[in-house]
Amino acid sequence: FHLHFHSVPSPPSRTALVVAFATIYLVWGSTYLGIRVAVETLPPFLMAGMRFLVAGSLLLAFQRLRGPLHLRPHHWRDNAIVGTFLLLGGNGMVSWAEQKVPSGIATLVVSLGPLFIVLLDWAVHAFGRDKTQGTRPTLATFLGIGLGITGLAVLVGPQLGEGVGHLDPWRVAGLVLACFSWSAGSIYSRYARTPAEPFTGSAMQMLTGSAWLFLVSVLTGEPGRFHLADVSGRSLFAWAYLI
């Protein structure tokens, strides 16, 4: 008989975990501030479309330099669906909402994302045909989510006292919709049958998502109201930072 030895990946070091969390907090968290600055003088959907067109092109070119991509039609289909949920419904709506909503409050509303993901994953388990997919949450899961949202509310508490009563309800609703859309896209990508390589898939999501963002930008008349001379240096810097 033959013995087959499979290498077991070693757990990440403590340093790697700290760096990973620091990256999430600093890079991911700061995007909400970056978006708020960028949309001061840039139309939201046009800004997001250009952001992801450039970023997706750069990432796909980088992946191509690393080797053949081996893309198939179903890769484009699945990632186009994910890109619609994540980048049009998620990021596009956040960019639109942050024209009139402070970034701290936007971050607090978007922190509902883990709750939506848990509920949608529960729905997949309860109503899906494949009972191996999805997870039924425990009480500890909900307690953990509640603790996280409470902690974030404490962090942005000073902003909550500054003009919450003057918030545009439509923009707040847009943030909730963005949060739900991002969660739905995340769940779909989790159970996609044959996903592309992660970095390549991200690039495909950006490129297909940017097409939808440009379409919405045109339908809402953003190009006609856009004048390059009106764009501030800080908005351009924030846009470049987001890329």
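Residues numbered from 1 in each chain as written. Predicted model: local features only at pLDDT ≥ 70, side-chain atom pairs only at ≥ 80, totals over all residues. Heavy atoms only, no water.

A.B. asks: Hey, could you run me through the overall build of the protein chain in this one?
C.D. replies: Regarding its fold elements, the protein chain presents 11 helices and 0 strands. Its helices and strands in sequence order give the protein chain the pattern α-α-α-α-α-α-α-α-α-α-α, from N to C terminus. Expected size for 243 residues packed as a compact globule is a radius of gyration near 18 Å; at 20 Å, the protein chain falls within 12% of this value. For the protein chain, the spread of C-alpha atoms along the principal axes amounts to about 75 × 45 × 40 Å. (Helix = DSSP H or I, 4+ residues; strand = E, 2+ residues; numbered from the N terminus. Rg over C-alpha atoms; globule rule 2.2 N^0.38 Å.)

A.B. asks: Just to check I follow, could you spell out the nonpolar core for this structure?
C.D. replies: Ranked by internal contacts, the top residues of the largest apolar core, which has 35 residues, are Met47, Val94 and Leu175. Elements that contribute at least two residues to this core include exactly helix H1 (14-38), helix H2 (44-66), helix H3 (73-97), helix H4 (103-110), helix H8 (169-190), helix H9 (198-219) and helix H11 (233-242). Those residues in contact with Val94 that lie beyond four places of it in its chain are Tyr32, Ile35, Val110, Leu175 and Ala178. (Core = buried A, V, L, I, M, F, W, Y, C linked by side-chain atoms within 4.5 Å. Buried < 20%, exposed > 50% of the residue type's maximum accessible area, 1.4 Å probe, protein only. Contact = heavy atoms within 4.5 Å.)

A.B. asks: Help me understand a nonpolar patch on the surface in this model?
C.D. replies: A surface patch of nonpolar side chains, about 1,000 Å² in accessible area, is lined by Leu17, Phe21, Ile24, Tyr25, Leu26, Val27, Trp28, Phe237 and Tyr241. When contributions to the nonpolar patch are tallied by element, the ones reaching two or more residues are H1 and H11. With relative accessibility at 60%, the residue Leu26 sits in the exposed group. (Patch = residues over 30% accessible without salt bridge, like charges linked within 9 Å, V, L, I, M, F, W, Y side chains within 5 Å. Areas by Shrake-Rupley, 256 points an atom, 1.4 Å probe, with all protein chains shown as cover. Salt bridge = Lys/Arg side-chain N within 4 Å of Asp/Glu carboxyl O.)

A.B. asks: What should I look at first to understand the pattern of salt bridges in this one?
C.D. replies: Two side chains bearing opposite charge may form a pair once their charged atoms approach each other closely. Going through the model one piece at a time under the given rule, you end up with 4 salt bridges. In this structure, the salt-bridge partner of Glu40 is Arg234, at a minimum N-O distance of 2.8 Å. Pair noted here: Glu40 is in the loop between H1 and H2 and Arg234 is in helix H11, with a separation of 194 residues, a long-range link. For Glu40, a relative accessible area of 39% puts it in the partly exposed group.

A.B. asks: Help me understand H9, please; the structure alone is not making it clear to me.
C.D. replies: In an α-helix, one full turn covers 3.6 residues, which means residues spaced three or four apart are oriented alike. Given a rise of 1.5 Å per residue, 22 residues ought to cover 32 Å, and the 31 Å separating the end C-alpha atoms of H9 matches this to within 8%. Packing partners of the buried residues in H9 comprise H2, H3 and helix H10 (222-225). Between the side-chain oxygen at the start of H9 and the backbone nitrogen of Phe199 there is a gap of 3.0 Å, and the oxygen is on Glu197. Trailing H9 by a residue or two, Gly221 shows a phi angle of about 75°, which is positive. (Expected span 1.5 Å × (residues − 1). Polar contact = N/O pair within 3.5 Å; in protein donor to acceptor, adjacent residues only side chain to side chain.)

A.B. asks: Could you clarify how one ought to interpret the packing of aromatic side chains in this entry?
C.D. replies: Any pair of aromatic rings gets described here by the distance separating the centres and the angle formed by the planes. Enumeration according to the criterion identifies 4 aromatic pairs in this entry. Between the aromatic rings of Trp28 and Trp182, the centroid separation amounts to 5.6 Å while the plane-to-plane angle is 75°, which identifies the pairing as edge-to-face. With Trp28 in helix H1 and Trp182 in helix H8, this pair connects stretches of sequence that are 154 residues apart. The partly exposed category is assigned to Trp28, whose relative accessible area is 45%. (Phe/Tyr/Trp six-rings, centres within 6.5 Å; stacked < 30°, edge-to-face > 60°.)

A.B. asks: Help me understand unusual backbone geometry in this model?
C.D. replies: Generally, phi is negative for residues other than glycine and the peptide bonds are trans, each holding for most cases. One non-glycine residue, His70, adopts positive backbone phi at about 55°. In this structure His70 comes out as exposed when scored by relative accessible area, which is 56%.

On their own, these measurements won't tell you what the molecule is for.
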